[in-house]
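Architecture and fold: a report
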Amino acid sequence: MSSIAADHSQPAAPAESGKTIQPGWVRIVHWINAVAMILMIMSGWQIYNASPLFDFLTFSHSITLGGWLGGALQWHFAAMWLLMVNGLVYLTLGLVTGRFRRKLLPISATGVIGDARAALTGKLSHADLSVYNQVQKLLYAGIIVVGILIVLSGLAIWKPVQLQWLTALFGGYDVARYVHFFCMAAIVGFLVIHVVLALLVPKSLRAMIIGK
């Protein structure tokens, strides 16, 4: 009886290994989005090289896609439709399921500063991957806004006559190009940080592959 009592007195071990961190639809749209975004960035660099915005910046041919302007445009437009459809699915499901509200809210300045300080000093906990810290919330919410802006600015550049009202909202064709470029730069920066964090916390990568 004493051994039974002792067993009941011990807390049960958490079953973290069996906990679903990322549902199936999140994993699917995540990897489709990753492929589409890489294709768009590499083909976009080739398009940029045909008419650079900055005299000091061009991209090496080894990291561009398409081979020439026409080929790059074909890749860019193909990946654009994939990104737009996949993005709409992600936004719709994120709102309908309440995932955005649960995962990304609330965000506070003090929370972001506190978690950023903890991350820089190696004190930020990664025990529960199902809960985003304040820095993650800010980055993920921000990249959604940037993703919307890059699509809209891209449409304004692609169809400046048919969508002249959209081009005008950005302040004209030339301004829309700069907005598109800096949104691309923000996405590249986000991807770099995202990959580095995945390497530092490998179980987060595993969760995005198998969900648990």
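The name an unreviewed UniProt entry gives the chain is Cytochrome b561 bacterial/Ni-hydrogenase domain-containing protein, with Afipia clevelandensis ATCC 49720 as the organism. Regarding the chain, the UniProt comment filed under Subcellular location (unreviewed entry) reads as follows: "Cell membrane". According to the UniProt record, the Sequence similarities (unreviewed entry) comment for the chain reads "Belongs to the HupC/HyaC/HydC family."

Grouped together as the largest cluster of nonpolar side chains are 25 residues, with contacts concentrated most on Tyr48, Phe59, Phe181, Met184 and Ile187. Going through the elements one at a time, α2 (24-50), α3 (69-96), α6 (134-158) and α8 (173-200) are the ones with two or more residues in this core. In terms of domain composition, this core takes at least three residues from each of domain 1 (22-105) and domain 2 (108-118 + 130-211).

So, on to a nonpolar patch on the surface. Judged by side-chain polarity, Leu139, Val192, Ile193, Val196, Leu197 and Leu200 come together as a nonpolar surface patch covering roughly 510 Å² of accessible area. Per element, the largest residue contribution to the nonpolar patch is five residues, and it comes from α8. Mapped onto the elements, Leu197 comes out in helix α8.

UniProt marks residues 28-48, 75-96, 138-158 and 178-201 with the feature "transmembrane region" (unreviewed entry), using the numbering shown here. Summarising residues 178-201: 96% helix, 0% strand, and an end-to-end C-alpha distance of 34 Å.

Another aspect to go through is the packing of α2 against α8. Across the interface, α2 lies against α8 with an axial gap of 11 Å and an inter-helix angle of 135 degrees. Here α8 runs oblique to α2, going by the angle between their axes. Regarding α2 and α8, the two cross each other, and that crossing is left-handed. Listed contacts from α8 to His30, Met37, Ile41, Trp45 and Tyr48 of α2 are Phe181, Met184, Ile187, Val188, Leu191 and His194. Within the contact of α2 with α8, the residues separate by chemical class into nine nonpolar, two polar and no charged.

Rules used throughout
Residues numbered from 1 in each chain as written. Predicted model: local features only at pLDDT ≥ 70, side-chain atom pairs only at ≥ 80, totals over all residues. Heavy atoms only, no water. UniProt positions renumbered as here; feature names shortened; annotations may be inferred. Core = buried A, V, L, I, M, F, W, Y, C linked by side-chain atoms within 4.5 Å. Buried < 20%, exposed > 50% of the residue type's maximum accessible area, 1.4 Å probe, protein only. Helix = DSSP H or I, 4+ residues; strand = E, 2+ residues; numbered from the N terminus. Domains from an automatic or database assignment. Patch = residues over 30% accessible without salt bridge, like charges linked within 9 Å, V, L, I, M, F, W, Y side chains within 5 Å. Areas by Shrake-Rupley, 256 points an atom, 1.4 Å probe, with all protein chains shown as cover. Salt bridge = Lys/Arg side-chain N within 4 Å of Asp/Glu carboxyl O. Axes fitted to C-alpha atoms, helices over the stretch in contact; angles between N-to-C directions. Parallel < 35°, antiparallel > 145°, perpendicular 65-115°, else oblique. Left-handed = near helix turned anticlockwise from the far one by under 90°. Contact = heavy atoms within 4.5 Å. Nonpolar A, V, L, I, M, F, W, Y, C, P; charged D, E, K, R; others polar.

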